[in-house]
Amino acid sequence: MDWTTLVATLGGGALALSGTILADVLRHHDEKDRSREANRRSLYIDFVSAVGVCHTRLRQIAEGSETPSNREVSTRAALADAGIYEARERLFIDATSTVAGAGQAMYEQLRALRRVVAAGASISSASFHDAYHPYLDAVWHYRRYVREELGTKALSPDTFGWPSWNGRERCDLCRPSQ
C-alpha cells in the first residue's frame, strides 16, 4: 500500500476543511462588524433626530404666548414626545463612550434650553440665545464624534465658511454690532 497517496489526500482534505472554517469565521466576523456599525449608525441618527424634534418644539413654544405654568408642562412634554429618553438610553447602552459622552453633553444643553423656554424666554430674547448657541455647538460636536467613529471625514466650521459651530457670528441678535 502506498501511504504517500493516503497521507497527501488526508492532508489536502484537512487543509481544505481548515480553509473553509477559517473563511466562514472571518465572514461571520465581518458580518457582525457591519451589523454593529449599521446598528450604531441608526442609533446615532435616531438620537440626534429626537433631539432635533424636541428643539423644533421648544422653538415653537418660545414663539408662542403660553402662560408660564403651561410652558413648564409643554416643554417637559416636548422632551418626552420627541422620544429623547428612550433614544438616550439606547445611546448609553450601545454607543462608544466618546459618542455617549457627546450625546449626554448635547442632551444637557437641550435641557438648559428647555429650562429657559419654560421660564418664559422668547425666541428673540438674550436668555434664549444664551442657551441656544451652546446647544448648537454641542450638536455639532456630537456629529463630529459620530462621523469620526463611523470612519467618515470630520467636518469643521470651515467646511461651511463659518468661524465656529455655535453660530453666534451668523445670528442677527448675537452678532456684535459693526
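Residues numbered from 1 in each chain as written. Predicted model: local features only at pLDDT ≥ 70, side-chain atom pairs only at ≥ 80, totals over all residues. Heavy atoms only, no water.

### Focus: the overall build of the protein
Line of reasoning, step 1. The helix and strand inventory of the protein stands at 5 helices and 0 strands.
Line of reasoning, step 2. Ordering the α and β elements of the protein from the N terminus gives α-α-α-α-α.
Line of reasoning, step 3. Taking all 178 residues of the protein together, the buried fraction comes to 31%.
Line of reasoning, step 4. In the protein, the proportion of contacts linking residues at least 24 apart, taken out of those at least 6 apart, comes to 68%. (Helix = DSSP H or I, 4+ residues; strand = E, 2+ residues; numbered from the N terminus. Buried < 20%, exposed > 50% of the residue type's maximum accessible area, 1.4 Å probe, protein only. Contact = heavy atoms within 4.5 Å.)

### Description of the packing of aromatic side chains
Here the distance between the centres and the angle between the planes together describe a pair of aromatic rings.
Line of reasoning, step 1. All chains considered together, the criterion is met by 9 aromatic pairs.
Line of reasoning, step 2. Between Phe128 and Tyr132, the aromatic rings sit 5.9 Å apart at their centres with planes inclined by 15°, giving stacked as the arrangement. Taken together, the positions of Phe128 and Tyr132, both in helix H5 (residues 126-149) and 4 residues apart, correspond to about one turn of that helix. One exposure class covers both Phe128 and Tyr132, and it is buried.
Line of reasoning, step 3. An aromatic cluster of at least three residues, connected via ring pairs, comprises Trp140, Phe160, Trp162 and Trp165.
Line of reasoning, step 4. Here Arg88 stacks its cationic end above the ring of Tyr107, 4.1 Å away from the centre of that ring. (Phe/Tyr/Trp six-rings, centres within 6.5 Å; stacked < 30°, edge-to-face > 60°. Lys NZ or Arg CZ within 6 Å of the ring centre and 35° of its normal.)

### With respect to the environment of Ala121
Line of reasoning, step 1. Along the chain, the position of Ala121 falls in the loop between helix H4 (97-118) and H5.
Line of reasoning, step 2. C-alpha of Ala121 to C-alpha of Glu63: the two residues are 58 residues apart in sequence and 9.0 Å apart in space.
Line of reasoning, step 3. For Ala121, the residues in contact, after removing those within four places along its chain, are Ala62, Arg71, Val116, Ser127 and Phe128.

### Things to note about the state of the cysteines
Put plainly, a disulfide is one covalent bond tying together the sulfur atoms of two cysteines.
Line of reasoning, step 1. The full count for this structure, using the stated rule, is 0 disulfides.
Line of reasoning, step 2. Free of any disulfide, Cys171 has its nearest neighbouring cysteine sulfur in Cys174, separated by 3.6 Å. (Disulfide = S-S within 2.5 Å.)

### A short note on the environment of Cys174
Line of reasoning, step 1. Along the chain, Cys174 turns up in the segment after H5.
Line of reasoning, step 2. For Cys174 and Ala126, which are 48 residues apart along the polypeptide, the C-alpha to C-alpha distance reads 7.9 Å.
Line of reasoning, step 3. Excluding its chain neighbours within four sequence positions, the residues that come into contact with Cys174 are His129, His133 and Arg168.

### So, the pattern of salt bridges
Side chains carrying opposite charge are able to pair once their charged atoms draw close together.
Line of reasoning, step 1. In total, this model carries 9 salt bridges according to the counting rule given.
Line of reasoning, step 2. Members of the salt-bridge network, linked through shared partners, are Glu72, Arg76 and Arg114. (Salt bridge = Lys/Arg side-chain N within 4 Å of Asp/Glu carboxyl O.)

### Topic: the packing of helix H3 (residues 84-94) against H4
Line of reasoning, step 1. As a packed pair, H3 and H4 sit with axes 9 Å apart at the nearest point and diverge in direction by 155°. Classified by the angle their axes make, H3 and H4 are roughly antiparallel. Seen from above, H3 lies across H4 with left-handed handedness. Here Ile84, Tyr85, Arg88, Leu91 and Phe92 of H3 lie close against H4, whose contacting residues are Val99, Ala100, Gly103, Gln104, Tyr107 and Leu110.
Line of reasoning, step 2. Residues belonging to the contact of H3 with H4 are distributed by class as follows: 8 nonpolar, 2 polar and 1 charged. (Axes fitted to C-alpha atoms, helices over the stretch in contact; angles between N-to-C directions. Parallel < 35°, antiparallel > 145°, perpendicular 65-115°, else oblique. Left-handed = near helix turned anticlockwise from the far one by under 90°. Nonpolar A, V, L, I, M, F, W, Y, C, P; charged D, E, K, R; others polar.)

### Quick word on the side chain of Arg71
Line of reasoning, step 1. Here Arg71 is to be found in helix H2 (residues 68-81).
Line of reasoning, step 2. As a buried residue without a salt bridge, Arg71 has its nearest oppositely charged side chain in Glu66, at a separation of 6.2 Å.
Line of reasoning, step 3. A distance of 2.9 Å separates a polar side-chain atom of Arg71 from the backbone oxygen of Ala121.
Line of reasoning, step 4. Not counting chain neighbours up to four residues away, the residues in contact with Arg71 comprise Ile61, Ala62, Gly64, Glu66, Val117, Ala118, Gly120 and Ala121. (Lys, Arg positive; Asp, Glu negative; His and termini not counted. Polar contact = N/O pair within 3.5 Å; in protein donor to acceptor, adjacent residues only side chain to side chain.)

### Concerning the nonpolar core
Line of reasoning, step 1. Tyr44 and Tyr142 are the most contacted members of the largest nonpolar core, which totals 39 residues.
Line of reasoning, step 2. At the level of elements, helix H1 (3-63), H2, H3, H4 and H5 are the ones that each hand at least two residues to this core.
Line of reasoning, step 3. Residue contributions to this core peak at 10 residues, all from H5.
Line of reasoning, step 4. Here Tyr142 is in contact with Tyr44, Phe47, Val48, Leu91, Val99, Ala102, Gly103 and Met106, once residues within four sequence places are set aside. (Core = buried A, V, L, I, M, F, W, Y, C linked by side-chain atoms within 4.5 Å.)

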